[in-house]
Amino acid sequence: MRGFASDNISGVHPAVMNAIQAVNIDHAHPYGDDQYTTKAINHFKSVLKEDIDVLFTFNGTGANVLALSSMAQSFHAVICAECAHINKDECGAPEKFVGCKLFALPSDRGKIRADQLSPLLKHIGFEHHNQPRVISITQPTEFGALYQPHEIREIAEFAKKHHMTLHMDGARIGNACAAMDMGLMEMTGDLGVDVLSFGGTKNGAMYGEAVIFFNRSLAAPAKFIRKQSMQLGSKMRFIAAQFDALLTDDLWLKNADQANQMAQALYERLSDIPCVDVTGTVDTNAVFAIIPSHIIERLQEKTFFYIWDDARSQVRLMTSFDTTMADVEAFAELVRIESQKQEQDQ
Ligand SMILES: Cc1ncc(COP(=O)(O)O)c(C=O)c1O
């Protein structure tokens, strides 16, 4: 099966697989006290800066929960977009493990704006209301849209001014950096991000994410929280080695760039098909399109992808590091054939 259901349906990049294989020797200290984990953390430091803390987790939900738990207490609130993964797709894990409220804001394709935040300050200091403490943004958003650097900086400045901190869900941060031709530090810490969930799984890893603390004062409880939230891997070297491989020779950026380019190609091919209406711009590796529902049904008999919005007959198509032009052409051809059949039936 090949398809566009998500960027986690792909396999593992061969260099990552080799890296896992390469550390599968001898015995190593568990829980991250091994040379491979130290090497991967140092690799992050060389790409970002010395003055950070890095903790690996098994998955993205775990990374977000670890980040937010380090940033907020149960009487706080995390401000995010209504469609944010932490709000919609984590089965309430942030609410359960952080124990706090999420203030979910309406957004433009997942992007919230600094000017939406001021009304939330009204009840600061009022003991009957959760206290806004963290702003969480997703870059790129769940719709594949991109925050511009000045938009992130404005949100970070707001956070700082009001004694809040800024979390970035970077499950696909590589796709943002590749699309905007920006370095990781330029896109995150330099803009005022306090804690970043850096995605590996959607970027060619087998599994694993890294939580990066630019604001080290938030990192003190993190290792305890990671253990409590069941995200401390004892055979840590196998997660760490994957990040070492992704950071080597900018593989994380190359993988993301390939996915982005294939999304552009898919967008171009689908735009030529009369019954398909691509919604929004294609900025990274996601294509959202409205396709008549009976055509979706026929397509799904042959290949799997998710319907995003039933009411609008809108689907989400994601590309990944191993998507090829042949995949794109084959899918576009399938859509074209089904749409021609529909025209003939009419
Ligand atoms: C924006 C975003 N954040 C985080 C995640 C991490 O999810 P998981 O817990 O499945 O690794 C995902 C996965 O779809 C995502 O799209």
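Definitions and cut-offs
- Each chain has its residues counted from 1, running along the sequence as written.
- Residues qualify for local features only when their pLDDT is at least 70, as the model is predicted, and side-chain atom pairs are given and counted only at 80 or more; totals for whole chains, interfaces and linings, by contrast, use all residues.
- Elements are defined by DSSP. Helices are runs of H or I of four residues or more, strands are runs of E of two residues or more, and each kind is numbered from the N terminus.
- For a helix, the expected span equals 1.5 Å multiplied by the residue count minus one.
- Here a residue counts as buried when 20 or more other C-beta atoms fall within 10 Å of its C-beta, as exposed when 12 or fewer do, and as partly exposed in between; the C-beta atoms come from the backbone.
- This arc is built from the directions going out from the helix axis to the C-beta atoms.
- By the convention adopted here, residues make contact when the C-beta atoms placed from their backbones lie within 7 Å.
- Each residue gets a C-beta atom placed from its backbone. Should that atom fall within 6 Å of a molecule or strand, the residue is termed near it.
- Side-chain classes follow a simple rule in which Ala, Val, Leu, Ile, Met, Phe, Trp, Tyr, Cys and Pro form the nonpolar group, Asp, Glu, Lys and Arg form the charged group, and the remainder, Gly included, forms the polar group.
- A strand pair is defined by DSSP finding two or more bridges across the two strands.
- To get an axis, fit a line to the C-alpha atoms, keeping to the stretch in contact for a helix; angles then go from 0 to 180 degrees between the N-to-C directions.
- For our purposes the nonpolar core covers buried Ala, Val, Leu, Ile, Met, Phe, Trp, Tyr and Cys residues that link as a set through C-beta atoms within 7 Å.
- In this scheme, a crossing is called left-handed if the near helix is turned counterclockwise away from the far one by less than a right angle; it is called right-handed if the turn is clockwise.
- We call two directions roughly parallel when the angle between them is under 35 degrees, roughly antiparallel when it is over 145, roughly perpendicular when it lies between 65 and 115, and oblique otherwise.
- Where each domain starts and ends comes from a domain assignment, either automatic or drawn from a database.

Over its 13 residues, helix H6 (residues 149–161) extends 18 Å from the first C-alpha to the last, a length consistent with the 18 Å expected when each residue adds 1.5 Å. Those residues of H6 lying buried are Ile152, Ile155, Ala156, Phe158 and Ala159. Each buried residue of H6 sits inside an arc of 160 degrees when the element is viewed along its axis, so together they form one side. Exposed side chains of H6 directed beyond 90 degrees from the buried face belong to His150 and Lys161. Those residues of H6 that are buried lie in contact with strand E4 (131–138) and strand E5 (165–170). Taken from the residues just after H6, His163 is the one with a positive phi, measuring 55 degrees.

Close contacts around the ligand come from Asn59, Gly60, Thr61, His85, Thr138, Glu142, Asp169, Ala171 and Thr201, and that covers them all. Class assignment for the residues of the shell around the ligand results in one nonpolar, six polar and two charged.

An order of E8-E9-E11-E10 is seen for the four strands of this open sheet, with the pairing classed as antiparallel. For this open sheet the edge positions go to strand E8 (277–278) and strand E10 (306–309), each flanked by a neighbour on one side alone. The strands touched by helix H11 (residues 251–271) are E8, strand E9 (286–290) and strand E11 (314–318); relative to E9, the strand with the most contacts, the crossing angle is about 20 degrees.

On to the nonpolar core, then. If you look at the biggest cluster of nonpolar residues, it comprises 101 residues, and the most contacted ones within it are Val78, Val211, Ile212 and Val287. When near neighbours in sequence (up to four residues on either side) are disregarded, Ile212 contacts Phe44, Leu48, Ile52, Val54, Val195, Leu196 and Phe198.

To continue, consider the packing of helix H2 (residues 35–47) against helix H10 (residues 237–247). Here H2 crosses H10 at 35 degrees, and the two axes come no closer than 8 Å. Viewed along their axes, H2 and H10 form a crossing whose handedness is left-handed. Across from Tyr36, Thr37, Lys39, Ala40, His43, Phe44 and Val47 in H2, the residues of H10 making contact are Arg237, Ala240, Ala241, Phe243, Asp244 and Leu247. Of the residues belonging to the contact of H2 with H10, the class tally is eight nonpolar, two polar and three charged.

Contact pair H11 / helix H13 (residues 325–345): the axes reach a minimum separation of 10 Å and the direction vectors enclose 25 degrees. With respect to their mutual orientation, H11 and H13 come out roughly parallel. Relative to H13, H11 is oriented so that their crossing is right-handed. In this structure, H11 uses Met262, Ala265, Leu266, Arg269 and Leu270 to contact H13, whose residues at the interface are Met325, Val328, Ala332 and Val335. Split into classes, the residues belonging to the contact of H11 with H13 amount to eight nonpolar, no polar and one charged.

Partitioning the chain into domains gives domain 1 (14–250) and domain 2 (252–345). Contact with domain 1, which involves 18 residues of that partner, is made by 16 residues of domain 2. Those elements that place two or more of their residues in the side of domain 1 that touches domain 2 are helix H7 (173–180) and H10. Tallying contributions element by element places H7 first for the side of domain 1 that touches domain 2, with six residues.

What follows is about the pairing of strand E1 (residues 53–57). Of all five residues making up E1, five are buried, and the element is well covered by its neighbours. The side-chain alternation of E1 yields two buried faces, one formed by Asp53, Leu55 and Thr57 and the other by Val54 and Phe56. For E1 and strand E7 (residues 209–213), the ladder comprises five bridges, and the chain directions are antiparallel. Bridging from a neighbouring strand, Leu55 pairs with Val211 of E7.

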